[in-house]
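# Overview (structure and organization)
Chain residues, written in single-letter form:
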Amino acid sequence: MAKTLELIFETSAGKDVVLSVEEPREDLTALELAAGMQTIITQDIFTVEGAPFALAKGARVVERNVVDYEV
C-alpha cells in the first residue's frame, strides 16, 4: 500500500497549496507536523505566483493500493 503525506497550506493570496511527501515516517506526530509546517512558513521556503505560504491549514496521510501490470 502506497502512502503519501499531504501538507496543506494557504498562501498570502488566499490560494490553497498541497505539498506531497511519498512514504512518510510511520511515527510522525501532530506536533512534529505543526512545527515543520510553521518552519516552512517562517523561512519563506516556497512561494506560489509570488505569494508566500501564510497559513498551515492541515495535514493528512493518503493510502492507496497500487497494482502494477506488465504489458
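Residues numbered from 1 in each chain as written. Predicted model: local features only at pLDDT ≥ 70, side-chain atom pairs only at ≥ 80, totals over all residues. Heavy atoms only, no water.

Turning to the side chain of K3, a few remarks are in order. Topologically, K3 is positioned in strand β1 (residues 2-11). A distance of 3.1 Å separates polar atoms of two side chains, one belonging to K3 and the other to E26. (Helix = DSSP H or I, 4+ residues; strand = E, 2+ residues; numbered from the N terminus. Polar contact = N/O pair within 3.5 Å; in protein donor to acceptor, adjacent residues only side chain to side chain.)

With that settled, the discussion passes to the environment of T42. By the element assignment, T42 lies in helix α1 (residues 30-42). Here T42 falls in the exposed class, since its relative accessible area comes to 55%. (Buried < 20%, exposed > 50% of the residue type's maximum accessible area, 1.4 Å probe, protein only.)

Let us now look at the environment of A59. Assignment of secondary structure puts A59 in strand β4 (residues 51-64). What makes A59 partly exposed here is its relative accessible area of 37%. With 39 residues separating them along the chain, A59 and S20 place their C-alpha atoms 9.8 Å apart. Not counting the four nearest positions on each side in its chain, A59 is found in contact with L5, E6, L7, L33 and M37. (Contact = heavy atoms within 4.5 Å.)

It is worth spelling out the sheet that holds β4 at this point. In space, the four strands of this open sheet follow the order β2-β1-β4-β3, with antiparallel pairing throughout. The strands lining the two open edges of the sheet, one partner per strand, are β2 (16-22) and β3 (47-48). Where β1 meets β2, seven bridges bridge the pair, whose relative direction is antiparallel. Across the sheet, residue L7 finds its bridge partner in β2, namely L19. Together, β1, β2 and β4 form the strand contacts of α1, whose direction differs from that of β4 by roughly 145°. (Pairing = 2+ DSSP bridges. Axes fitted to C-alpha atoms, helices over the stretch in contact; angles between N-to-C directions.)

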